[in-house]
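# Reading the structure
Read off the chains here:
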Amino acid sequence: MVRTLHWDVIIAGAGAAGSSAAYFLGEAGARVLVLEKDRLPRYKPCGGAVPAAVFRLFPFSFDPVIERRPSYVIYSWRGEQAVRWPLAGRPICMVMRDRFDWHILQHAQAEVRDGMTVEEVQETADGVRVRTAGGDILHADYLIAADGAHSRLAHQLGLRRQRELVGAVEVEHTPAPAVMERFADSALFEFGALRNGYLWIFPKGDHLSVGIGQLRGKGSELRAVLLREMRKFGLELENTPWHGHTLPVYRGPEPLGTTRCMLAGDAAGLVDPLSGEGIRHAVFSARLAAKAIVQGKVPAYSRAVARYARSRLHPILLLARLFYEHPWACYRYGVRNRRATELFAGWLNGQSSKARIMTGLLLCFLEGLVRLP
Ligand SMILES: Cc1cc2nc3c(=O)[nH]c(=O)nc-3n(C[C@H](O)[C@H](O)[C@H](O)COP(=O)(O)OP(=O)(O)OC[C@H]3O[C@@H](n4cnc5c(N)ncnc54)[C@H](O)[C@@H]3O)c2cc1C
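Residues numbered from 1 in each chain as written. Predicted model: local features only at pLDDT ≥ 70, side-chain atom pairs only at ≥ 80, totals over all residues. Heavy atoms only, no water.

## Brief notes about the overall build of the chain
Stated precisely, the cut-off is as follows: Only DSSP runs of H or I with at least four residues qualify as helices, and only runs of E with at least two residues qualify as strands; both kinds are numbered from the N terminus onward. What the globule rule says is 2.2 Å times the number of residues to the power 0.38, and the radius of gyration is computed from C-alpha atoms. Note on exposure labels: buried denotes an accessible area under 20% of the residue type's maximum, exposed denotes more than 50%, and partly exposed covers the range between, all computed with a 1.4 Å probe on protein chains only. Residue contacts are counted whenever heavy atoms from the two residues lie within 4.5 Å of one another. Only the protein chains shown count as covering a residue, and every accessible area follows the Shrake-Rupley method with a 1.4 Å probe. Note on charges: Lys and Arg go in the positive column, Asp and Glu in the negative column, and His and the chain ends are not counted at all. Here the site of a charge means atom NZ of a Lys, CZ of an Arg, CG of an Asp or CD of a Glu.
What the chain contains, in helices and strands, is 12 helices and 17 strands. Relative to the compact-globule value of 21 Å for 373 residues, the chain shows a C-alpha radius of gyration of 21 Å, a close match. Buried residues in the chain amount to 58% of all 373 residues. Look at the contacts in the chain between residues 6 or more apart in sequence, and 72% of them connect residues 24 or more apart. If you sum the accessible surface of the chain, you get close to 15,900 Å²; carbon and sulfur atoms cover 52% of it. In the chain, which carries 48 positive and 36 negative side-chain charges, the distance between the mean positions of the two groups comes to 6 Å.

Following this line, the structure appears as structure tokens:
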């Protein structure tokens, strides 16, 4: 049966971006419909490390879905030369994305339909027309495409045709109790084992999220490197199911909207090119998209995201280039410096400015050159 219905806004995708957009729009009184292709809550391959600054955007508590707040960060180079620094203010919270995204959506005043894929979107003279895989035709004034890294809607809207996707692999692993104990209060980052990327161990309530991501170029043998490197930390992952996924890294400002449609989150290519962090930018872009609709400024959305990216993502482009071209020098003289961790903690907490972090990191690097043999 074909039905014709109308909303203020249709949101495609109920990840961090789509759920947040639904929340902010619902708060503003908009009639919102969220369409999600999977059944909710859905698993998303993701380290689930969320900067504390994200939680402050919402008036409700995230305590029910925060699995851990690590007090330490461990950095290592190919399993050696490790340093362990306190994370002042515990600026990173660990979540599982099925529960985190669903938690936001449950606070949203929106109609949600899961198991429903958006197949096609068309702009009309006075709105948007959405066709689902089931054949339903739905109408709205605006559409937010929050349909993830492979955004089919971005393509249909003629946006992000040159998008660059990089690779990552994640496993959810329950280790021996002694290993769990060792990582329960720490986030570990390992560098040097693959070009242009790193590995991580993030603690969750009853297990570890373990992964590897390559932030530039083509992902090669990621799983093999993950298995090999994690043995050094006492993790045998051969029999643990693994999930490959892509990351749309930020490469600079670009058009992210049309007259009535906007891209948010991974669909907009807003992943940090150094760390692969994308949840924060998904939530912030969703908030900007909601604001653009509420204020009647949808055509200005791309500029609003570009302004946001200028302070939060653009400086990282330079750092990423430097880091991945000279990883050993950056690790030895920069990452291992305790002050660098303090700067990043401030950055994740939303307390450090662009100028402060760049100057601080430069000083860390110079200090490392002078002090270390
Ligand atoms: C292995 C890995 C580890 C990561 N670790 C971290 C981390 O620790 N911290 C961090 O900040 N970021 C991390 N990221 C990045 C982060 O996962 C993404 O940036 C984030 O998920 C973006 O959220 P989103 O809502 O834009 O997209 P998604 O979370 O991908 O949500 C998109 C949703 O749209 C749905 N959808 C797709 N197509 C359609 C359609 N046609 N119709 C309806 N629904 C559709 C999908 O089913 C999905 O639910 C990681 C990424 C990977 C791959």
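## Some words on a nonpolar patch on the surface
Rule in force here: Here the term patch refers to residues with relative accessible area over 30% and no salt bridge, with like charges joined within 9 Å and nonpolar side chains (Val, Leu, Ile, Met, Phe, Trp, Tyr) within 5 Å. Here, a salt bridge means any Lys or Arg side-chain nitrogen found within 4 Å of an Asp or Glu carboxyl oxygen.
The grouping of Leu 362, Leu 363, Leu 366, Leu 369 and Val 370 at the surface amounts to a nonpolar patch, some 510 Å² of accessible area in total. For Leu 363, the position within the fold is in helix α12 (residues 354–371). When its relative accessible area of 53% is taken as the criterion, Leu 363 is described as exposed.

## Digging into the environment of Glu 236
Basically, it comes down to this: As used in this structure description, the phrase polar contact means that two N or O atoms lie within 3.5 Å; if the pair is within protein, one of them must be able to donate a hydrogen and the other to accept it, and residues adjacent in sequence are counted only when both atoms belong to side chains.
You can see Glu 236 is positioned in the loop between α6 (222–231) and β16 (242–248). Taking the relative accessible area as the measure of exposure, Glu 236 reaches 46% and is therefore partly exposed. The spacing of Glu 236 and Asp 266 is 30 residues in sequence and 31 Å in space, taken between C-alpha atoms. The contacts of Glu 236, once residues within four sequence positions are left out, are His 173 and Arg 231. Within the structure, the side chain of Glu 236 is placed 3.5 Å from the side chain of Arg 231, a separation counted as a polar contact.

## What about empty space enclosed by the protein?
Rolled over the atoms, a probe with the dimensions of a water molecule shows which regions are left empty. What counts, and what does not: Cavities and pockets are defined on a 1 Å grid built over the protein atoms alone: a cavity is a set of grid points where a 1.4 Å probe fits but cannot escape, while a pocket is an open set with protein on both sides within 12 Å along at least five of seven lines, and lining residues are those with an atom within 4 Å of any such point. Grid points are joined across faces, edges and corners, and a volume is the space filled by probe spheres set on the points. Each residue is assigned to one class: nonpolar for Ala, Val, Leu, Ile, Met, Phe, Trp, Tyr, Cys and Pro, charged for Asp, Glu, Lys and Arg, and polar for all the others, Gly among them.
In total, this model carries 1 cavity of 30 Å³ or more according to the counting rule given. Its boundaries defined by the atoms lining it, the largest cavity holds a volume of some 40 Å³. Counting residues per element, the lining of the largest cavity draws most heavily on helix α3 (residues 97–106), which supplies 5 residues. Within the lining of the largest cavity, the residues separate by chemical class into 5 nonpolar, 1 polar and 4 charged.

## What to know about the sheet that holds strand β13 (residues 186–191)
Here is the rule: Pairing between strands is defined by DSSP: at least two bridges between them are needed. Note on method: axes are straight lines fitted to C-alpha atoms, helices fitted across the in-contact stretch only, with angles between N-to-C directions ranging 0 to 180 degrees.
Taken in spatial order, the 7 strands line up as β6-β5-β13-β14-β15-β12-β16 in an open sheet, and their pairing is mixed. The sheet is open, and its two borders are formed by β6 (80–86) and β16, each paired with just one other strand. Between one strand axis and the next, the sheet turns by 20 degrees as a mean value, whatever way the strands run. Seen against the sheet, α6 touches β12 (165–173), β13, β14 (197–203), β15 (208–214) and β16 and runs at an angle of roughly 130 degrees to β15.

## So, helix α8 (residues 301–312)
Inclusion rule: Given a helix with a known number of residues, its expected span is that number minus one, times 1.5 Å.
Its 12 residues place the ends of α8 16 Å apart at the C-alpha level, agreeing with the 16 Å of an ideal helix rising 1.5 Å per residue. Tucked inside the fold, the buried residues of α8 contact β17 (261–263), α7 (279–294), α9 (314–325) and α11 (338–348).

## Details of the site of the ligand
Definition in use: Residues are classed as near a molecule or strand on a simple rule: at least one heavy atom within 4 Å of it.
The ligand sits among 38 residues. The nearest are Glu 36, Arg 42, Gly 47, Arg 97 and Asp 266. Here an oxygen atom of the ligand and a side-chain polar atom of Glu 36 are 2.6 Å apart. Between the ligand and the protein, one listed contact pairs an oxygen atom with a backbone N or O atom of Ile 279 at 2.9 Å. Its free accessible area being 1,000 Å², the ligand has 95% of it covered by the protein chains. Broken down by secondary-structure element, the contributors of at least two residues to the shell around the ligand are α1 (16–27), β2 (32–36), β12, β14, β16 and α7.

## Things to note about the packing of α1 against α3
The test is simple: Here is the rule for angles: anything less than 35 degrees is roughly parallel, anything more than 145 is roughly antiparallel, 65 through 115 is roughly perpendicular, and the remaining ranges are oblique. A crossing counts as left-handed when the near helix is turned anticlockwise from the far one by less than a right angle, and as right-handed when that turn is clockwise.
Here α1 crosses α3 at 15 degrees, and the two axes come no closer than 8 Å. Looking at the two axes, α1 sits roughly parallel to α3. Considering only the axes of α1 and α3, their crossing is left-handed. Seen from α1, the contacting residues are Ala 16, Ser 19, Ser 20, Ala 22 and Tyr 23; seen from α3, they are Arg 97, Phe 100, Asp 101, Ile 104 and Leu 105. Counted by class, the contact of α1 with α3 contains 6 nonpolar, 2 polar and 2 charged residues.

## Considering the domain arrangement of the chain
Convention followed: The domain boundaries here were taken from an automatic or database domain assignment. Joining two parts hides part of their accessible area as seen by a 1.4 Å probe, and the buried area is that hidden amount summed over both.
The domains assigned to the chain are domain 1 (4–47 + 98–161 + 254–314), domain 2 (68–94 + 165–248) and domain 3 (318–371). Taking only C-alpha atoms, the centre of domain 1 and the centre of domain 3 are 33 Å apart. With 8 residues of domain 1 at the contact, the number on the domain 3 side is 11 residues. Taken over both partners, the interface formed by domain 1 and domain 3 buries close to 720 Å², and the fraction arising from carbon and sulfur atoms is 51%. Sorting the residues of domain 1 by area buried against domain 3 places Leu 274, Arg 280 and Arg 312 first, and these three jointly supply 65% of that buried surface.

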